[in-house]
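Survey of secondary and tertiary structure
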Amino acid sequence: MTASETGSVAWPGRQLLEGGQSVSVIVATAIVVADMVGVGVFTSLGFQVKDIPSGFSILLLWTIGGLVALCGNFLSRTYHPAFGFIAGWVSATVGFAAPVALAAMAFGQYAKAVTPGAPPLLLAVGVVWLVSIVQLFGIKHSSTFQLISTILKVVLIVAFLIAGFVIGTPQPTSFAPSTSDFDHVLSAPFAIGLVFVMYSFSGWNAATYIIGELRMPQQNLPRAMLSGTLIVLLLYVALNAVFLRTAPIEKLSGQLEVASISGTYIFGDVGGRIVAVMICVGLISSISAMMWIGPRVMMTMGEDIPAIHMFARKSTSGAPAYAILFQLAVATLMLFTRSFEAVLDFIQFALLFCSFFTVLGVIKLRITRPDLPRPYRAWGYPLTPLVFLLVTGFMMYYLLTERPLQAFLGMSIMVSGLVIYAIFHKRTDQGAATISPDRE
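Quick word on helix 12 (residues 217-246)
Here helix 12 spans 42 Å end to end across 30 residues, near enough to the 44 Å set by a 1.5 Å rise per residue. Most of helix 12 sits inside the fold, with 21 of its 30 residues counted as buried.

Points about the packing of aromatic side chains
A full pass over the atoms with the stated rule returns five aromatic pairs. For the ring pair F160 and F243, a centre distance of 6.1 Å and an interplane angle of 55 degrees mean the geometry is tilted. Of this pair, F160 sits in helix 9 (residues 139-166) while F243 sits in helix 12; the two residues are 83 residues apart in sequence, bridging distant segments of the chain. For F160, a relative accessible area of 4% translates into the label buried. The class for F243 is buried, based on a relative accessible area of 0%.

With respect to the nonpolar core
Core analysis: the largest hydrophobic core is formed by 117 residues, its most contacted members being F42, F201 and L335. A total of 15 residues in this core trace back to one element, the largest contributor, which is helix 15 (residues 271-304). If near-sequence neighbours (up to four positions away) are discounted, F42 is found in contact with V37, Y110, I157, L239, F243, L256, V258, A259, M278 and I279. In terms of nonpolar packing, the next biggest core, distinct from the first, is built from six residues, A188, I192, F196 and Y398 among them.

Notes on the confidence of the model for the chain
With 81% of its residues at a pLDDT of 70 or more, the chain shows a mean pLDDT of 78. In the model of the chain, helix 1 (residues 13-18) stands out as the element of lowest mean pLDDT, 40, in contrast to helix 8 (residues 120-136), which has the highest, 92. Every residue in residues 1-20 is under pLDDT 50, and counting partners more than four places away or in other chains gives 84 contacts.

About the thresholds
Residues numbered from 1 in each chain as written. Predicted model: local features only at pLDDT ≥ 70, side-chain atom pairs only at ≥ 80, totals over all residues. Heavy atoms only, no water. Helix = DSSP H or I, 4+ residues; strand = E, 2+ residues; numbered from the N terminus. Expected span 1.5 Å × (residues − 1). Buried < 20%, exposed > 50% of the residue type's maximum accessible area, 1.4 Å probe, protein only. Phe/Tyr/Trp six-rings, centres within 6.5 Å; stacked < 30°, edge-to-face > 60°. Core = buried A, V, L, I, M, F, W, Y, C linked by side-chain atoms within 4.5 Å. Contact = heavy atoms within 4.5 Å. pLDDT = per-residue confidence, 0-100.

Set out below in structure tokens:
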């Protein structure tokens, strides 16, 4: 997990060794935790138990997702500059804006329990704009806001877990393995369920996108990613165990607000509101993390591509203002689709595709460029990259066969990035050809 042998999508290799002096390892870990613990774990279970009514299989699903995240790595110059541009383009246009929209949609749904009568769409748009304003004030204010909101999130989740195990009434759901679980694990619903799980774990590498602002990145980057992912793995498994332990599976099946349903069974009629407050606080910290790191991808692309240089500009407070406003605009547009599952399926294939070839690039560079300097090395190589590739390939196959339209739309985003790269690259070559005769 701690390898960056191909370089980060968001940050050129020169910044890997330098780093900044603004973000501590604690804040970086908070960003990792906040980016992961968001909408996915509080909404995915309802879709999973429709076809996998097994407590053991569900917990195994989330455990596998966490282990795969621990096996993950990072894409840049491994194949061709166009490939790196496509990965950056996917991340900059939808890779973070879509998760922001998803988290805001969930915020709107859960906030209804706290503010009855308020339109969920208005609440969703409002929280995204509020967090974006905080980000525009610069790193100092963003760091404070991120750390406080993440600590509050974890404290509330731990309190919920304790209540679930101590005062919750156990349901007849078994967490012991049975013969039917083998069929569940090899089924298409299990693979599709992994898509939701891997989306929930997709922020494990969040700290890499702020490496240019991180103190002592060679030491603190792997520490932040490893500790953050382990914390989230434990929280995810425990949360799903509490959901299944306290609420009947038939009540959870197909429902988005699974945490509120579980909270009602734990705390009674006021349980839904208690859980809604917990999740709303958690989602605010998640949106903040994604609104922090997403614009940094666009900012770095602006540094490398003259045609979009405006996104590299920073305000007097050090915030990439134009990049933040761009992501805010894309996320706001996505909110008006009002379809949670469609947005998730739309982005997931493209993100899995980039992740697959990123990790494959680690193996490729080990073979073709053994002489390259490697400030971070892949833990458990080659086993960990191979595990990641197998599971990711498994999910991509089932997305193509079970969700062909969404997979096609995801591929269209990548193709659009390739077209844009070709146009910019052609202009650069023409400019160089025009200048060179004069120099002679």
